[in-house]
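Single-letter residue listing:
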Amino acid sequence: MSAETKIRMFGAQWCGDCRRTKAQLDALELDYDYIDLEQDVAAAKVAEEISGRKRIPVVVYPDGSHQVEPSNADVEAKLRELEL
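Residues numbered from 1 in each chain as written. Predicted model: local features only at pLDDT ≥ 70, side-chain atom pairs only at ≥ 80, totals over all residues. Heavy atoms only, no water.

Student: Requested: an account of the environment of Leu30, with residues and values cited.
Tutor: You can see Leu30 is positioned in the loop between helix H1 (16-27) and strand E2 (32-36). Each C-alpha atom of the pair Leu30 and Glu49 lies 25 Å from the other, and the pair is 19 residues apart in sequence. (Helix = DSSP H or I, 4+ residues; strand = E, 2+ residues; numbered from the N terminus.)

Student: Describe the pairing of E2, naming the residues involved and giving the relevant values.
Tutor: Bridge count between strand E1 (residues 7-11) and E2: five bridges; the pairing is parallel. Following the sheet pairing, Ile7 is matched in E2 by Tyr32. The β-α-β motif built from E1, the intervening H1 and the parallel element E2 has right-handed crossover chirality. (Pairing = 2+ DSSP bridges. Right-handed = clockwise from strand over helix to strand, strands pointing away.)

Student: Help me get a handle on the pairing of E1, residues and values and all.
Tutor: Burial of E1 is extensive: four of the five residues sit out of reach of the surface. In terms of strand pairing, E1 meets strand E3 (residues 58-60) through three bridges, oriented antiparallel. Bridging from a neighbouring strand, Met9 pairs with Val59 of E3. (Buried < 20%, exposed > 50% of the residue type's maximum accessible area, 1.4 Å probe, protein only.)

Student: Break down the side chain of Gln24 for me, with residues and values.
Tutor: Tracing the sequence through the fold places Gln24 in helix H1. Exposure remark for Gln24: the relative accessible area of 10% places this residue in the buried category. Contact partners of Gln24, with chain neighbours within four places excluded, come to Asn72, Val75 and Glu76. (Contact = heavy atoms within 4.5 Å.)

Listed below in structure tokens is the structure:
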């Protein structure tokens, strides 16, 4: 799976929503890229440019769409839509 077809998640360990979304993706055994904003401070600007907000997590899907602070149901619905 190339980088363009992978889900990307921008998050941080201190963020409860990030931990929940990461656990959901891990439980589904999806191949995705996790960008830790504590380790890669410059990536925070990328996440903000994608979402237009300073909120995390930001989940970017292979179709170019994204979700900010999605619920598990939001993520599940999007994954179903993309057939992932």
